[in-house]
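# Chain and residue survey
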Amino acid sequence: MKQHLGEKATKAQNFIFHTAMLLELVVAIIVIIALLIMFHQVPGELKALVFNGEFNHFLKYMFDIIIGIELLKMLCRHDLDSVVEVLLFSVAREMIIEHMPIYFTLIGIMAIAILFLIRKFLFVSALDKEQE
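Residues numbered from 1 in each chain as written. Predicted model: local features only at pLDDT ≥ 70, side-chain atom pairs only at ≥ 80, totals over all residues. Heavy atoms only, no water.

### Some thoughts on the pattern of salt bridges
- Taken as a whole, this structure holds five salt bridges when the rule is applied.
- Of the charged contacts in the structure, one is a salt bridge between Arg93 and Glu94, with a shortest N-O distance of 2.8 Å.
- Overall, Arg93 belongs to the buried group, its relative accessible area being 9%.
- Given a relative accessible area of 35%, Glu94 falls into the partly exposed group.
- In this structure, a network of salt bridges that share partners links the residues Lys60, Asp64, Arg93 and Glu94. (Salt bridge = Lys/Arg side-chain N within 4 Å of Asp/Glu carboxyl O. Buried < 20%, exposed > 50% of the residue type's maximum accessible area, 1.4 Å probe, protein only.)

### With respect to helix H5 (residues 102-122)
- Here H5 is 21 residues long and its end C-alpha atoms lie 29 Å apart, about the 30 Å a rise of 1.5 Å per residue gives.
- Considered for burial, the residues of H5 that qualify are Thr105, Gly108, Ile112 and Leu115. The arc that holds the buried residues of H5, viewed along the axis, is 80°, so those residues lie on one side. Among the exposed residues of H5, those oriented more than 90 degrees off its buried face are Ile102, Tyr103, Lys120, Phe121 and Leu122.
- If you follow the buried residues of H5, they end up packed against helix H4 (80-98). (Helix = DSSP H or I, 4+ residues; strand = E, 2+ residues; numbered from the N terminus. Expected span 1.5 Å × (residues − 1). Arc of directions from axis to C-beta. Contact = heavy atoms within 4.5 Å.)

Purely geometric stuff here, so don't read any function into it on its own.
Below you can see the structure in the form of structure tokens.
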């Protein structure tokens, strides 16, 4: 009886895992579609940059594309490197685009430093890749 229950639990766990993977794939496809739409608008953004001189708006737009690409890589790779990269780009985007007060900028710099320290000392990407 216990063995039968264990098999059902394993089947349920496998079903949940495969459902989660499928949902992750759907999210990745949606991100790809959104990135393609954003890439389609880049020439218009370049034209606005030339005529209006809105470099900050253009930079925000390009950072959004970069963060979207990193998010897509994170969904596909399932490793710690990609998570840290998404966080790094997100913090850098906020610091560069928002023109925050100096103490917020200092907090952003400390956040980036902490992310680099985490990447360097708290996990070894080779071990992360060995588990696959």
